[in-house]
Amino acid sequence: MIPGQFTYHRPSTVQEAVALLASHGEEARPLAGGHSLIPMMKLRMAAPEHLVDLGGVAELKGIRDDAGHIVIGATTTQHEVIGSELLASKLPILRETSLVIADPQIRYVGTIGGNVANGDPGNDMPALMQCLNASYVLVGPSGERHVAAREFYEAAYFTALSPDEIVAAIRIPVPAAGHGYAYEKLKRKVGDYATAAAAVMLTRSGHQITSCAIGLTNVADTPLFAEEAGRILTGSSMEANVVTRAVAAAEAITNPASDGRGPAEYRTRMAGVMLRRALARAYDRAAA
């Protein structure tokens, strides 16, 4: 189908973009890569009267190290995430995750900010950002505020973002040197959303896990931070019975829909399988 009519705006600064969103209210939508919004417009599931294209706002681009945090501009593409030497050295799980998002053509244009901002439970980055304890820099008419990724998602397509705000950047604490990481994703075919996926970040002292964070993708209306599962694993040495308890705790917080990817029970079980795989790889990658 063809989208409805709209007025196109291309601001050159964050302030211009926010002013446009504020002046046009709920009839305006920000546009980054467009891979979520444009298909919805074609299906007439979204019909904004004003599109505010963020592609011309240079300050929304880039990846930098900032006093113990990695800061990623919202319009940084997945392709740029994959190619970043800074991320490869400090946060390699970001590259690993970006590589299983959609396909190369989409990754050249799709942005990390768009992936986290629209509240689609099928997107891969939100659960990863919860696992990494990231925060989002939101900018609106009243200025700047920071919202933790673990508090940002309220329901499917509903977030803490106000209509007159944009996600300007993502701030991620630099993890400890020698940390272990993994993102495991089950999908029906290349380019598909996850049937279920799991992100894991952990540290070790010898054989003992000293910290563990877990995020789950597309097995509820929102991304899930599996806090109890991480707590169970912390202090363990990945004993089989402890892993089984942690996986059960993670599965217990899921509530997936039955759809073309499988019945709810299957998707919950696959979340557990992905978590087991991610834990094993992260543990092996972690420096003892």
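Now for a quick tour of the structure. Every value quoted in this text rests on a predicted model; they were computed, and no experiment measured them.

**Observations regarding the sheet that holds strand S4 (residues 63–66)**
Judged by pairing direction, the sheet is antiparallel, and its five strands sit side by side in the order S4-S5-S10-S6-S7 without closing on themselves. Strands at the two margins of the open sheet, each flanked by one partner only, are S4 and strand S7 (143–148). Across the sheet, the axes of successive neighbouring strands diverge by a mean angle of 25°, strand direction being ignored. In terms of strand pairing, S4 meets strand S5 (residues 69–73) through four bridges, oriented antiparallel. Each bridged residue has a counterpart across the sheet, and for Ile63 the counterpart in S5 is Ile72.

**With respect to the nonpolar core**
In this structure, Leu94, Met129, Tyr136 and Ile172 are the most contacted members of the largest nonpolar core, which totals 36 residues. Top contributing element to this core by residue count: helix H8 (residues 125–131), with four residues. Every residue in contact with Met129, bar those within four places of it in the chain, is listed here: Leu94, Ile112, Val116, Ala134, Tyr136, Ala149, Ile170 and Ile172.

**Here we look at the side chain of Thr97**
Within the secondary structure, Thr97 sits in helix H5 (residues 92–98). For Thr97, the residues in contact, after removing those within four places along its chain, are Asp124, Met125, Leu128 and Tyr183.

**What to know about the layout of surface pockets**
Estimates place the volume of the largest pocket at around 1,400 Å³. Arg29, Ser36, Leu37, Gly114 and Asn118 are the residues nearest the centre of the largest pocket, which is lined by 48 residues in total. Within the residue set of the lining of the largest pocket, elements represented by two or more residues are strand S2 (28–31), helix H2 (37–42), helix H6 (104–107), helix H7 (112–117), strand S9 (158–159) and strand S10 (166–173). Contributing to the lining of the second largest pocket are 18 residues, with Cys131, Leu132, Met201, Ser211 and Ala213 lying nearest its centre.

**What about unusual backbone geometry?**
Glycine aside, residues mostly have negative phi, and peptide bonds are mostly found in the trans state. Although it is not a glycine, Ala102 sits at a positive phi angle of roughly 50°. Secondary-structure assignment places Ala102 in the loop between H5 and H6. Backbone geometry places Asn133, a non-glycine residue, at a positive phi of 55°. Relative to the helices and strands, Asn133 resides in the loop between H8 and strand S6 (135–140).

Calculation criteria
- Residues numbered from 1 in each chain as written.
- Predicted model: local features only at pLDDT ≥ 70, side-chain atom pairs only at ≥ 80, totals over all residues.
- Heavy atoms only, no water.
- Pairing = 2+ DSSP bridges.
- Helix = DSSP H or I, 4+ residues; strand = E, 2+ residues; numbered from the N terminus.
- Axes fitted to C-alpha atoms, helices over the stretch in contact; angles between N-to-C directions.
- Core = buried A, V, L, I, M, F, W, Y, C linked by side-chain atoms within 4.5 Å.
- Buried < 20%, exposed > 50% of the residue type's maximum accessible area, 1.4 Å probe, protein only.
- Contact = heavy atoms within 4.5 Å.
- 1 Å grid on protein atoms, 1.4 Å probe; cavity = no way out; pocket = protein on both sides within 12 Å on 5 of 7 lines; lining within 4 Å.
- Points joined across faces, edges and corners; volume = space filled by probe spheres on them.

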